[in-house]
Amino acid sequence: MRRAGLAVAVAALSLAGCNTKDGPKEVVLTIEHSRFVPDVVHARPGERIRIVVRNTDPIDHELIVGDQGVQDRHEKGTESHHAARDGEVSVAAGSEAVTFYVVPEGAAPLLFGCHLPGHWDYGMRGTIRLIRSSSF
C-alpha cells in the first residue's frame, strides 16, 4: 500500500499547487496505469500554470489542455507527437515533460487528456475547475 500513499501525497501537493511571486503556479500530474493523478486541478481565470507531467507507464502518452472543442479536434486528429506548444506535450514512457497554460478569462469548462489511440475513451482525462474567488 506504500504506492497508494505516495499517489495520495502527490495528488495533495498537485491540488495545492505552488504559487510564487516570481513564477507560475506549478501542477504535477502523474500518469499511472493510463490515468492522470490527480484528475482534477484547480485554477483561476488568467492564471499561468506550469504543468509537469510524469509518465510512470511503460508506454507513451500526451497531455492536451483545452475546452471540449480542443479535445474533439485532437481526438479526431492524426498528430502522434506534439511540438512544444502551450497546453500540449508528448511524454515518452518513463519520462517527464513540462508545458505551460494560461487559463483563459471567462473560460468554458476546461479539460485535459491523452488522445493517443484509445486513451481518451479508456478514461485518460481530467478537469480543470475554475476558482473565481480568492478563498481557495
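Everything in this summary refers to the structure shown in the same document. (Residues numbered from 1 in each chain as written. Predicted model: local features only at pLDDT ≥ 70, side-chain atom pairs only at ≥ 80, totals over all residues. Heavy atoms only, no water.)

Some thoughts on empty space enclosed by the protein
Then comes step 1: In the structure shown here, the tally under the stated rule is 1 cavity of 30 Å³ or more.
Then comes step 2: Looking at the largest cavity, its volume works out to about 50 Å³.
Then comes step 3: Lining the largest cavity we find Val-27, Leu-29, Val-41, Ile-49, Ile-51, Val-65, Phe-112 and Ile-128.
Then comes step 4: Secondary-structure elements contributing two or more residues to the lining of the largest cavity are strand S1 (25-32) and strand S4 (48-55).
Then comes step 5: Of the residues belonging to the lining of the largest cavity, the class tally is 8 nonpolar, no polar and no charged. (1 Å grid on protein atoms, 1.4 Å probe; cavity = no way out; pocket = protein on both sides within 12 Å on 5 of 7 lines; lining within 4 Å. Points joined across faces, edges and corners; volume = space filled by probe spheres on them. Helix = DSSP H or I, 4+ residues; strand = E, 2+ residues; numbered from the N terminus. Nonpolar A, V, L, I, M, F, W, Y, C, P; charged D, E, K, R; others polar.)

A closer look at unusual backbone geometry
Then comes step 1: Pro-38 follows Val-37 through a cis peptide bond whose omega is 0°.
Then comes step 2: Inspection of the secondary structure assignment puts Pro-38 in the loop between strand S2 (35-37) and strand S3 (40-43).
Then comes step 3: Positioned with a positive phi, Ser-34 is a non-glycine residue whose angle comes to about 55°.
Then comes step 4: Structurally, Ser-34 can be placed in the loop between S1 and S2.
Then comes step 5: When its relative accessible area of 14% is taken as the criterion, Ser-34 is described as buried. (Buried < 20%, exposed > 50% of the residue type's maximum accessible area, 1.4 Å probe, protein only.)

Overview of the sheet that holds strand S9 (residues 125-130)
Then comes step 1: Ordered in space as S3-S9-S8-S5-S6, the 5 strands form an open sheet in which the pairing is mixed. Edge strands, defined here as strands with exactly one partner in the open sheet, are S3 and strand S6 (88-91). Pairwise comparison of adjacent strand axes, ignoring direction, gives a mean angle of 20° for this sheet.
Then comes step 2: This element, helix H2 (residues 68-76), spans strand S5 (61-66), S6 and strand S8 (110-113) of the sheet and lies at about 145° to S5. (Pairing = 2+ DSSP bridges. Axes fitted to C-alpha atoms, helices over the stretch in contact; angles between N-to-C directions. Contact = heavy atoms within 4.5 Å.)

Looking at the sheet that holds S1
Then comes step 1: Pairing within the open sheet is mixed, and its 4 strands lie in the order S2-S1-S4-S7. Looking at strand neighbours, the two that pair on one side only are S2 and strand S7 (96-102), the edges of this open sheet. Here the strands of the sheet are splayed against their neighbours by 30° on average, with no regard to which way each runs.
Then comes step 2: Sheet topology places S4 next to S7; 7 bridges connect them, and they run antiparallel. Pairing of Val-53 across the sheet is with Ala-97, part of S7.

Without other data, these values stay purely geometric and don't point to any function.
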